[in-house]
Amino acid sequence: MSAAGEFIDATLQRESSWERADADRARLGGSLTFYGASVGAIRGTIRDAGRRYPGLGHDEITALSSELWAVPVYERRLAAVVLLQSHVRMLRASDLTRIEGFLRTAQLPALLDPLTADVVRPLVDALTGPARSRAQIVLDRWAQDPSAELRRAAGLLGVSGGAAQRQEY
């Protein structure tokens, strides 16, 4: 694990409580593990990681997001979403492949929805020319994908074919 990943994981665990973990598990369901860190603690941890590890570029940010997402812990995955939200301007159309993997394994609307609304939407909206066309092809494919998660994401983005499928998730 990278130093930044270790810092984020250790901080999230320090900021957690078993009471919040139990409450989040009961409220959100799913099969992820819950540390019990608050959303504010997660946002603060990502902010602090940015100060502690300044100058992370595109490759480091996307690799760190994958590192956080790889372990099926709700707070780590939400931290990955917050990290990408914080750096959405540096993301590229090619990052939709990585994000697609995150969406497929999100397991919870509480992860899928902000990833779609706060990362995918601004990423795609910022694209122009051929990059925008390639991204639209990806989104159109999501709308027809067997994955309920991808169809939900497409529906949230207003891509035809996805909106009618949102209720399945």
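Basis of the calculations
- Residues numbered from 1 in each chain as written.
- Predicted model: local features only at pLDDT ≥ 70, side-chain atom pairs only at ≥ 80, totals over all residues.
- Heavy atoms only, no water.
- Helix = DSSP H or I, 4+ residues; strand = E, 2+ residues; numbered from the N terminus.
- Buried < 20%, exposed > 50% of the residue type's maximum accessible area, 1.4 Å probe, protein only.
- Salt bridge = Lys/Arg side-chain N within 4 Å of Asp/Glu carboxyl O.
- Expected span 1.5 Å × (residues − 1).
- Bend = angle between axes of the 7 residues up to and from the residue.
- Contact = heavy atoms within 4.5 Å.
- Domains from an automatic or database assignment.
- Buried area = accessible area lost by both parts, 1.4 Å probe.
- Nonpolar A, V, L, I, M, F, W, Y, C, P; charged D, E, K, R; others polar.
- Core = buried A, V, L, I, M, F, W, Y, C linked by side-chain atoms within 4.5 Å.

The protein chain appears in an unreviewed UniProt entry as DNA alkylation repair protein from Cryobacterium zongtaii.

K.L.:
Mind showing me how you'd approach unusual backbone geometry here?
P.N.:
Peptide bonds are, in most cases, trans, and in most cases residues other than glycine have a negative phi. Its identity as a non-glycine residue notwithstanding, Gln-107 has a phi of 70 degrees, on the positive side. Position of Gln-107 relative to the elements: it lies in the loop between helix H6 (96–104) and helix H7 (109–126). With a relative accessible area of 34%, Gln-107 lands in the partly exposed category.

K.L.:
What exactly am I supposed to notice about the pattern of salt bridges here?
P.N.:
Where charged atoms from two side chains of opposite charge approach closely, those side chains can pair. Applying the stated criterion across every chain, the model contains nine salt bridges. Residues Arg-104 and Asp-145 are paired through a salt bridge, measuring 3.0 Å at the closest nitrogen-oxygen approach. One end of the pair, Arg-104, is in helix H6; the other, Asp-145, is in the loop between helix H8 (129–144) and helix H9 (148–156), and 41 residues separate them in sequence. Classification of Arg-104 as partly exposed rests on a relative accessible area of 36%. The class for Asp-145 is buried, based on a relative accessible area of 10%. Overlapping salt bridges bring together Glu-100, Arg-104, Arg-141 and Asp-145 as one network.

K.L.:
Is there a simple way to think about H7 in this case?
P.N.:
Quick reminder: α-helices carry 3.6 residues per turn. Residues three or four places apart thus point the same way. Between the first and last C-alpha of H7 there are 24 Å, a value that for 18 residues agrees with the 26 Å anticipated at 1.5 Å per step. Taken as a whole, H7 carries its principal kink of about 35 degrees at Thr-116. Burial in H7 covers these residues: Leu-111, Leu-112, Pro-114, Leu-115, Thr-116, Val-119, Val-120, Leu-123 and Val-124. Each element contacted by the buried residues of H7 is listed here: helix H4 (58–70), helix H5 (74–86), H6, H8 and H9.

K.L.:
Would you explain the domain arrangement of the protein chain in this entry?
P.N.:
Where the parts come together, the accessible area they lose is often given as the size of the interface. Domain assignment breaks the protein chain into domain 1 (1–90) and domain 2 (92–160). On a C-alpha basis, the centroid separation for the pair domain 1 and domain 2 is 20 Å. Facing the 21 residues of domain 1 at the interface are 16 residues of domain 2. Both faces combined, the contact of domain 1 with domain 2 buries some 1600 Å², and carbon together with sulfur accounts for 66% of it. Summed over the three residues of domain 1 that lose the most area to domain 2, namely His-58, Trp-69 and Val-88, the buried surface amounts to 31% of that side. Inspection of the region where domain 1 meets domain 2 yields zero salt bridges. Elements that contribute at least two residues to the side of domain 1 that touches domain 2 include exactly H4 and H5. Looking at the side of domain 1 that touches domain 2 residue by residue, the classes come out as 11 nonpolar, eight polar and two charged.

K.L.:
Can you help me understand the nonpolar core in this one?
P.N.:
Within the largest apolar cluster, 54 residues are counted, with the highest numbers of intra-cluster contacts made by Ile-8, Leu-115 and Trp-142. Elements that contribute at least two residues to this core include exactly helix H1 (3–14), helix H3 (39–52), H4, H5, H6, H7, H8 and H9. Broken down by element, the residue count for this core peaks at eight residues, all from H5. There are two domains that each give this core at least three residues, and those are domain 1 (1–90) and domain 2 (92–160).

K.L.:
It is not clear to me how the environment of Ala-153 should be interpreted in this structure. Could you clarify?
P.N.:
Of note, Ala-153 is situated in helix H9. For Ala-153, a relative accessible area of 0% puts it in the buried group. In this view, Ala-153 contacts Leu-103, Leu-112, Thr-116 and Trp-142; residues no more than four positions away in its chain are not counted.

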